[in-house]
Amino acid sequence: REGRRKSSMLSRRIYSTPRLLVGLTQHHVAPQWVQRPFLGRTTHASYIHTPPPAPRRTRGLSTPAGGGGGWEERLIVGGPHNNIPPHIAALVGRDLHLQPNHPLSIIKKKIEQYFVSRDASFVCRDSMDPITTTHACFDTLLIPPDHQSRKPSDTYYIDEKTLLRTHTSAHQTELLSSGETKFLCTGDVYRRDEIDASHYPAFHQMEGVKLIERCKGMAGRDEWVSICIEELKADLEGMVDELFGKVEKRWVDAYFPFTEPSLELEILFEGEWLEVLGCGVMQQKILDSVGLHDQHGWAFGLGLERLAMVLFQIPDIRLFWSKDERFLSQFRAGEITKFEPFSKYPPCYKDIAFWVPEGFEENNFMEMVRGVAGDVAESVVLLDRFENKKIGKTSHCYRINYRAMDRNLTNEEVDAMQARLRDEVPGALNVELR
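Presented here is a report on the structure given in the accompanying data block. For every chain, the first residue of the written sequence is number 1, and numbering continues from 1 onward in sequence order. The predicted nature of this model means local features are confined to residues of pLDDT at least 70 and side-chain atom pairs, given and counted, to a pLDDT of 80 or more, with totals for whole chains, interfaces and linings taken over all residues. The side-chain values count all of the structure's non-hydrogen atoms but skip hydrogen atoms and water molecules.

Side note on the sheet that holds strand β15 (residues 432–433)
- Think of it this way: DSSP has to see at least two bridges between two strands before they count as a pair. Helix and strand assignments follow DSSP, with helices taken as H or I runs no shorter than four residues and strands as E runs no shorter than two, numbered in order from the N terminus. Strand order across the open sheet formed by four strands is β13-β14-β12-β15, with antiparallel pairing between neighbours. Every other strand in the sheet has two partners, leaving β13 (377–388) and β15 as the edge strands with one partner each.
- Bridging between strand β12 (residues 348–356) and strand β14 (residues 393–402) involves nine bridges; their strand directions are antiparallel. Bridging across to β14, Lys 350 finds its partner in Ile 400.
- Where helix α11 (residues 362–373) meets the sheet, its contacts fall on β12, β13 and β14, and the angle it forms with β13 comes to roughly 140°.
- We call two residues contacting when some pair of their heavy atoms lies within 4.5 Å. Each axis is a line fitted through C-alpha atoms, taken for helices only over the stretch in contact, and angles between the N-to-C directions span 0 to 180 degrees. Helix-sheet contacts for helix α12 (residues 411–429) involve β12, β14 and β15, and the interaxial angle to β12 is about 10°.

Next comes the structure, spelled out in C-alpha cells:
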C-alpha cells in the first residue's frame with residue numbers, strides 16, 4: 001500500500017507510529033544545536049455504558065519530584081552528542097494525554113477503561129519521566145547496537161547514554177522489576193522524522209503488558225505461546241471493537257526485536273485497511289533479565305494520534321499541539337465527536353535544491369526546517385532527485401509548504417524563513433546549494 005512503511009526490524013519503526021493509511025482529508029553560522037556533526041539520520045466508538053472499575057493509577061517510578069518545569073535546562077546541555085533543539089524542548093512537559101478534554105486523553109481513557117473492565121488488576125501509568133537511557137530504551141528490548149533507531153538522525157540525545165524516549169516500551173523492564181505484571185504505560189515519545197500531515201517529532205504511545213497466570217511454570221514453549229496468542233487476540237480485538245465498533249480485522253505476521261512471534265492488527269475502516277497496533281509474545285530473554293524466568297505474557301504498542309486522527313477525523317497531526325480554542329473547545333471527556341475545520345489558510349510553496357554529500361541523512365534536513373519554521377512547516381516533499389554522473393554528484397530538490405493553522409502568512413514572513421534556511425543549511429549539513 002502506497003505510503004506505508006512496514007513496522008519491522010528492517011525499518012526503524014518500533015511498534016506503531018502516527019502513520020495513517022486513510023485519506024483524511026540572518027547569519028551564516030548555524031545555531032548551536034545544528035552545528036555539531038551528525039553521526040547518521042463509519043462506525044464510531046461503542047461506549048461503556050456501565051462505569052468500569054476505576055484504573056489503579058500511580059505516578060511513574062522515575063518522574064522528577066514536583067513534575068514538569070526546567071525541561072530546557074535538563075535537555076539542552078551542550079556537548080558533542082546533545083542534539084535536542086529548543087523547539088523540541090518546548091514540547092516536553094505539555095502532557096496532552098493528561099488533559100481530560102483533549103482527543104488523546106479521551107482515547108487513552110477509553111482504552112484504560114476497557115482493560116480495567118476486563119481485569120481490575122491492570123495498572124495504568126501515565127507520568128513516567130520521558131528522559132531515559134540507551135540501556136532502557138534499546139538494550140533491555142534486545143534492539144541491536146547498529147539499529148537505525150539508535151542513530152542521532154532518528155533519536156534526540158542529551159548525551160551519549162541519555163535521551164528522550166523513542167517509545168514507551170523503554171519503561172517495560174523498569175515496571176516489571178517493580179512487581180507490575182499487568183500494566184498500560186502511556187506518554188509522549190520523540191523521534192526525528194519527515195514533515196507531513198501525519199508525522200510530528202513528538203507524539204504519544206501506549207504500551208501494554210500482561211503476564212498470564214496460567215502460563216506460569218509451563219515448560220513447553222509451544223503450549224504457553226499458544227495461550228499467550230489466544231489471550232492477546234481476544235483482548236486486543238475486544239479493544240478495537242470498543243473503539244471502532246464491530247469491524248473486520250486481520251492479523252499480519254511482523255517482526256519486532258522484543259516479541260516472538262510478532263503480529264500487527266489491521267482493521268477494515270471506511271474501505272481501507274488500517275494498521276492499528278503492533279504486538280506479540282514477549283521475548284523470554286526480557287523476562288529472564290528481570291528474574292521472571294517461569295512467567296510468560298504478551299505486549300502491545302500503539303500510537304494515540306493514529307487512532308485519534310481516524311476516530312475524530314482530525315486531518316493534521318499539528319492540531320493536537322494547538323492551543324487554539326477553536327480546536328480545543330470541540331472536544332469533551334468521554335465523547336468521540338467529528339472535528340469541524342475552522343479555517344483553511346492558503347499554502348505557500350518554496351523550493352530548495354542542493355548537492356548532497358555521501359551519508360546525507362534526510363531527517364537532519366527535516367529537523368532544520370522545523371527549527372526555522374516550527375509548526376508553520378506543513379509538509380516537506382522530495383520533489384526531485386538528480387544524479388549527475390559526469391561530476392559524480394547527487395542533487396535533492398525539496399518543496400516546503402509553509403502554512404499556519406491560525407492565520408494567513410505574509411510573503412515577507414515566508415521569504416524570511418526561506419532565506420534563513422538557505423543561509424544555515426550549507427554549513428550545518430555540508431551541502432552545496434544549487
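Some thoughts on α11
- Over its twelve residues, α11 extends 17 Å from the first C-alpha to the last, a length consistent with the 16 Å expected when each residue adds 1.5 Å.
- Within α11, ten of the twelve residues are buried, leaving the element largely enclosed by the surrounding structure.
- Burial in α11 covers these residues: Asn 363, Asn 364, Phe 365, Met 366, Glu 367, Met 368, Val 369, Arg 370, Val 372 and Ala 373. To estimate how far a helix should reach, multiply one less than its number of residues by 1.5 Å. To sort residues, take the accessible area from a 1.4 Å probe on protein chains only and compare it with the maximum for the residue type: under 20% means buried, over 50% means exposed, and anything in between is partly exposed.

Quick word on the sheet that holds strand β3 (residues 131–133)
- On the basis of which strands lie adjacent, the open sheet formed by three strands has the order β3-β5-β4 and antiparallel pairing. Bordering the open sheet on either side are β3 and β4 (157–159), each of which pairs with just one other strand. Each strand of the sheet is rotated relative to its neighbour by a mean of 35°, with strand direction disregarded.
- Alignment of β3 against strand β5 (residues 162–164), held across three bridges, turns out to be antiparallel. Across the sheet, Ile 131 pairs through a bridge with Leu 164, a residue of β5.

What to know about the pairing of strand β9 (residues 259–269)
- When you tally the buried positions in β9, you get eight out of eleven residues, the bulk of the element.
- In this structure, strand β8 (residues 249–256) lies alongside β9, joined through seven bridges in antiparallel fashion. Within the sheet, the bridge partner assigned to Arg 250 lies in β9 and is Glu 266.
- The antiparallel pairing of β8 with β9 creates a hairpin that spans two residues between the two strands.
- Strand direction decides the pairing type here: β9 and strand β10 (residues 272–282), joined by nine bridges, are antiparallel. Looking at β10, one finds that Ser 262 is bridged to Gly 280.

Spatial relationships are all this shows, so hold off on functional conclusions.
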